[in-house]
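Here's the letter readout for the chains.
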Amino acid sequence: MRAQTLPGIAGVTNKPASALSHDVALIQAAQQGDHDAFEQLVRTYDHSVLRLALNLLRSEEDARDAYQEAFLKAYRNLGSFRFECSFHTWLYRIVTNICLDHLRRRSVRKEDSAVMETADGQRDLFDAVEDQRTEADPERDLLRRELGHRIEEALSKLGPRERMVFELKHFQGLRLRAIGEMLATSEETAKNCLYRATQKLRAALA
């Protein structure tokens, strides 16, 4: 259940009705003990789960751990899935809760959003971005990096749930209703959490 390469960050997309019907058939088969059906579900969602975990945890190693833990937990609890929500919402709820636990266990958050932990050590993501301009502007590049550092520093001061809601909304592009479902809370609670996070960020960046 392990992907060969870590895909880039992207938002969650809605699935067509035919795909949802296919999911239902696979889930029902997997609930009856069909391991191949569950493996098909894994192949359908593995990249999305990795993207979500990487975006929330900003660490390749932690993201892969969360990925493995999420699918293991999904496999163990698939029998309790009652189709009251979509499978991807149920699965992403598992992922976000696991990521929340990871964030809570981090006693000190010193990592920079532009730095990602890889098997080969730390890698600055800005260095991987090709400069498309004819002549690079060192001053503009310095300002861009400084802004990135300030934003990450401000994000690190948010509570785990506040940061989770903010990133799911603004980095993943999810609706508050979906975020509330993933965090097993209401849309209004997610909205209030987002408001608090936004106010704290504005104050920190003022």
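The structure presented is a predicted model; accordingly, all values stated were derived computationally and were not measured. (Residues numbered from 1 in each chain as written. Predicted model: local features only at pLDDT ≥ 70, side-chain atom pairs only at ≥ 80, totals over all residues. Heavy atoms only, no water.)

A. Local environment of the overall build of the protein. On a plain count of helices and strands, the protein comes out with eight helices and two strands. Reading the secondary structure of the protein in the N-to-C direction produces α-α-α-α-β-β-α-α-α-α. Put simply, the protein shows about 12100 Å² of open surface, and 48% of that area lies on carbon and sulfur atoms. (Helix = DSSP H or I, 4+ residues; strand = E, 2+ residues; numbered from the N terminus. Areas by Shrake-Rupley, 256 points an atom, 1.4 Å probe, with all protein chains shown as cover.)

B. Structural context of the confidence of the model for the protein. Put simply, the protein has an average pLDDT of 78, and 73% of its residues get 70 or more. When pLDDT is averaged over each element of the protein, helix α3 (residues 60-77) comes out on top at 94 and strand β1 (residues 115-118) at the bottom at 49. Within the model, pLDDT remains below 50 along residues 1-13, and this stretch shows 37 contacts once partners closer than five positions in the same chain are excluded. Counting interchain partners and residues more than four positions distant, the pLDDT-below-50 stretch residues 107-117 has 33 contacts. (pLDDT = per-residue confidence, 0-100. Contact = heavy atoms within 4.5 Å.)

C. Representation of a nonpolar patch on the surface. A surface patch of nonpolar side chains, about 220 Å² in accessible area, is lined by L147, I151 and L205. Assignment of secondary structure puts L205 in helix α8 (residues 187-205). A relative accessible area of 32% means that L205 is categorised as partly exposed. (Patch = residues over 30% accessible without salt bridge, like charges linked within 9 Å, V, L, I, M, F, W, Y side chains within 5 Å. Salt bridge = Lys/Arg side-chain N within 4 Å of Asp/Glu carboxyl O. Buried < 20%, exposed > 50% of the residue type's maximum accessible area, 1.4 Å probe, protein only.)

D. Highlighting the pattern of salt bridges. Here the structure, examined in full by the defined rule, presents seven salt bridges. A salt bridge links E60 to R64; the nearest nitrogen and oxygen atoms lie 3.6 Å apart. Of this pair, E60 and R64 both sit in helix α3, separated by four residues, roughly a single helical turn. Here E60 falls in the buried class, since its relative accessible area comes to 18%. Judged by its relative accessible area of 10%, R64 is buried. A single network of salt bridges, built from pairs that share partners, joins R58, R163 and E167.

E. Main features of helix α2 (residues 35-57). For α2, the principal kink sits at Y45 and spans about 50°. One side-chain oxygen at the N-terminal end of α2 lies 3.0 Å from the backbone nitrogen of D36; it belongs to D34. Positioned one or two residues after α2, R58 has a phi angle of 60°, which is positive. (Bend = angle between axes of the 7 residues up to and from the residue. Polar contact = N/O pair within 3.5 Å; in protein donor to acceptor, adjacent residues only side chain to side chain.)

F. The arrangement of unusual backbone geometry in detail. Its identity as a non-glycine residue notwithstanding, R58 has a phi of 60°, on the positive side. For R58, a relative accessible area of 12% translates into the label buried. For A184, which is not a glycine, the phi torsion comes out positive at approximately 55°. As for its placement among the helices and strands, A184 is situated in the loop between α7 (176-182) and α8. With relative accessibility at 62%, the residue A184 sits in the exposed group.

G. Seen up close, the environment of V42. Here V42 is to be found in helix α2. Measuring from C-alpha to C-alpha, the distance between V42 and F71 comes to 7.3 Å, with 29 residues separating the pair along the chain.

H. Focus on the packing of aromatic side chains. This model, assessed by the stated rule, comprises eight aromatic pairs. Taken together, a centroid distance of 4.8 Å and an interplanar angle of 65° make the contact between F81 and F83 edge-to-face. Three or more aromatic residues joined by ring pairs make a cluster, and in this case those are Y45, F81, F83, F87 and W90. (Phe/Tyr/Trp six-rings, centres within 6.5 Å; stacked < 30°, edge-to-face > 60°.)

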